[in-house]
Amino acid sequence: MQCPTSISAVVAIAAIANAVSLSDICTVTKIQSILPSNGTLLGFDFIPSVVMASPIYNATTGMAGGMESTTTANAQTYSYCNISVTYTHPGKDDTVTVKYAFPEPSKFKKRFYVSGGGGYSLSSDASGGLQYGAASGATSAGYDAFDYTYMDKVLTGNGSINWDATYMFGFQALGEMTLLGKTLTRSFYGMSNTSKVYTYFEGCSDGGREGMSQVQRWGEEYDGVIAGAPALRFAQQQVLHVFSSAVEHRQGYYPPPCALNKIVNATIEACDPLDGRTDGVVSRTDLCQLHFNLSSIVGESYYCADTSSTSLGFGYSSGGGPSSAGSTTSYEPDQNGTVTSKDVAVAQAIYDGLHDSSGQRAYLSWQIASELGDAATVWSNTTNSWTLSIPSTGGEYVTRFIQLLNTTNLSDLDGVTYDTLVDWMNTGMIRYLDSLQTTLPDLTTFRSSGGKLLHYHGESDPSIPSASSVHYWQSVRSIMYGNLTSDAALAELESWYQLYLIPGAAHCGTNSLQPGPYPENNMNTMIDWVENGVKPTRLNTTVSSGPYANETQLLCPWPLRPMWTDNATFDCVDDEQSMESWTYTFPAFNLPVY
């Protein structure tokens, strides 16, 4: 636990709150006066002439973190100082603009808050911390991230990677914004240079990856990081979005979407009771994987009325958040049939995960009972048949990041084998190892600085597999505590890093197919852990719908697994066979995959 701010600092802050108004200190002159002199904050040269500052009164802001937040705070009104500062990196002809929202002095609680973005975008909202009494910020990252995504800027032309934008998006821009923000915060509120400013990060999907990038690269700057379903292993994760289409292409069969939906729903129904309670939620996908055979669904009937549907964009499933760039919408005629062995073969291959031609595993996959959104096919009125649809979330990554071509998707998968996918993964892993992979497992700096990490993932996430988070947790434990016994390593790790799998949850949100629990107050949990030393032992969640709507569930920390003993109580059990089903190695690669 960090040492509390000194009494003199508290008195000083209180004095400011009582003596000045927002309009007194929220001026351009004030902000210019507190900018560090060039050369004193290494890596920053400031441009005072373009500083902006204006008080904002009674503004309405939404939930912190936008779509990736887990808080349920209703929109409220806040008064704050809206600030814009521009700097350049010495020796570079660049400019980076950062926006900050500083709460009025009477509301400031010595906190700084960073919100994660989503897809290929950093968050552009600087007001997310106001509900926590925190100053907060957002950055242009040097490539005008307020108006463009990183995908728009990754190439300067065919064959030429924009490395400055890549490193800024990967980890540098948020770290710089936080370092500068804390420096300005202390000066703005009259704190000493050594006064404690509790610093938090909260994000999901790529926002979760951004949070992990800060833990790994800027660990000394953060006290508490909440990372949901992080898009770790960028190369593997993005090519994985092509995998489902490659399965269909290699098998020469494009299943009706309704057949795949039937397979998922029948799996949920069959595996629901394995956790001890029939509630529409597969809380133990590991038991489902170990004991359920998809072939048993062959012959079951399905029907879906005609509709327009949206396939997955970057990371958001049905019920799990809004569609994003990369999603596709198409018309589907009504579908009436029975599940065939070919339908099951496609689903089984996808759940089994990518292997090379020698049978060596290249990557993990989605947990059984997760939606198969990336496998969605499209109806051709020309041929009156279902045809291949390559999700651009993966296809555009391959064309831009691997082939270095400024195109938005792969045109087809002709000649593409599973070995091709492995090669794409390997190329991306090596090329972006120090920028986008975000898999450094040695978090010593963060831990030594007193940082706390709350990591969560929907167990039925159909975009970023929940096993991805488990694998990273295992990598951290192995690298940092490999010389300890299993129990001793777990005790050390859980004192500052905790992972929770959310039963039935989709990607960064609830799941329309499984009415399970979802966390709603992660920031309150984190603040209590960081500022009051109250270490969580279970994660607080609320069931949003279904027969147990509004039920509170305190979830098990990984590696313990839930097992219901009756309809009202579950235990957190240690299941060795289950653990083995979550453990992967990737011999298809010569380099370690953390």
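Residues numbered from 1 in each chain as written. Predicted model: local features only at pLDDT ≥ 70, side-chain atom pairs only at ≥ 80, totals over all residues. Heavy atoms only, no water.

Named according to an unreviewed UniProt entry, the chain is Carboxylic ester hydrolase originating from Cladophialophora immunda. One UniProt comment on the chain, placed under Sequence similarities (unreviewed entry), says "Belongs to the tannase family." (UniProt positions renumbered as here; feature names shortened; annotations may be inferred.)

1. Some remarks on the pairing of strand E10 (residues 224-228)
Burial analysis of E10 places five of its five residues in the buried class, the great majority of the element. Both faces of E10 are covered, namely the face carrying Gly 224, Ile 226 and Gly 228 and the face carrying Val 225 and Ala 227. Pairing of strand E9 (residues 198-204) with E10 involves five bridges; the strand directions are parallel. Paired with Gly 203 across the two strands is Ala 227, which belongs to E10. Read from E9 through helix H6 (residues 206-217) to E10, the crossover connection turns out right-handed. (Buried < 20%, exposed > 50% of the residue type's maximum accessible area, 1.4 Å probe, protein only. Helix = DSSP H or I, 4+ residues; strand = E, 2+ residues; numbered from the N terminus. Pairing = 2+ DSSP bridges. Right-handed = clockwise from strand over helix to strand, strands pointing away.)

2. Things to note about the environment of Cys 204
Here Cys 204 lies in strand E9. You can call Cys 204 buried: its relative accessible area is 0%. Considering only alpha carbons, one finds Cys 204 and Asp 164, 40 residues apart in sequence, at a separation of 24 Å.

3. Focus: the state of the cysteines
As enumerated under the stated definition, the model contains five disulfides in all. Each sulfur of the disulfide joining Cys 258 and Cys 304 lies 2.0 Å from the other. Taking the sign of the S-S torsion, 80° for the link of Cys 258 and Cys 304, the bridge is right-handed. Within this pair, whereas Cys 258 is found in helix H8 (residues 257-271), its partner Cys 304 is found in strand E11 (residues 301-304), the two being separated by 46 residues in sequence. Among the residues examined, Cys 258 registers a relative accessible area of 3% and is labelled buried. Covalently, Cys 556 is tied to Cys 572 through a disulfide, its sulfur atoms 2.1 Å apart. Taking the sign of the S-S torsion, about -90° here, the bridge from Cys 556 to Cys 572 comes out left-handed. In this pair, Cys 556 sits in the loop between strand E21 (552-555) and strand E22 (561-564) while Cys 572 sits in strand E23 (residues 570-573), placing the two residues 16 residues apart along the sequence. (Disulfide = S-S within 2.5 Å.)

4. What to know about the side chain of Gln 498
Looking at where Gln 498 falls in the secondary structure, it is placed in strand E18 (residues 497-502). On the basis of relative accessibility, which here comes to 3%, the residue Gln 498 falls in the buried class. One polar contact links the side chain of Gln 498 to the main-chain carbonyl oxygen of Glu 494, over a distance of 3.1 Å. Separated by 2.6 Å, the side chains of Gln 498 and Tyr 500 make a polar contact. Non-local contacts of Gln 498, meaning those with residues more than four positions away in its chain, are made with Leu 453, Leu 454, His 455, Trp 529, Lys 535 and Pro 536. (Polar contact = N/O pair within 3.5 Å; in protein donor to acceptor, adjacent residues only side chain to side chain. Contact = heavy atoms within 4.5 Å.)

5. Some thoughts on the packing of H8 against helix H10 (residues 341-352)
Geometry of a packed helix pair, given as the angle between the helix axes and the separation of the axes. As a packed pair, H8 and H10 sit with axes 10 Å apart at the nearest point and diverge in direction by 60°. Considered as vectors, H8 and H10 are oriented oblique to each other. Judged by the sense of rotation from one axis to the other, the crossing of H8 with H10 is right-handed. Seen from H8, the contacting residues are Ala 259, Leu 260, Ile 263 and Val 264; seen from H10, they are Asp 343, Val 344, Ala 347 and Tyr 351. Each residue belonging to the contact of H8 with H10 can be placed in one class, and the counts come to seven nonpolar, no polar and one charged. (Axes fitted to C-alpha atoms, helices over the stretch in contact; angles between N-to-C directions. Parallel < 35°, antiparallel > 145°, perpendicular 65-115°, else oblique. Left-handed = near helix turned anticlockwise from the far one by under 90°. Nonpolar A, V, L, I, M, F, W, Y, C, P; charged D, E, K, R; others polar.)

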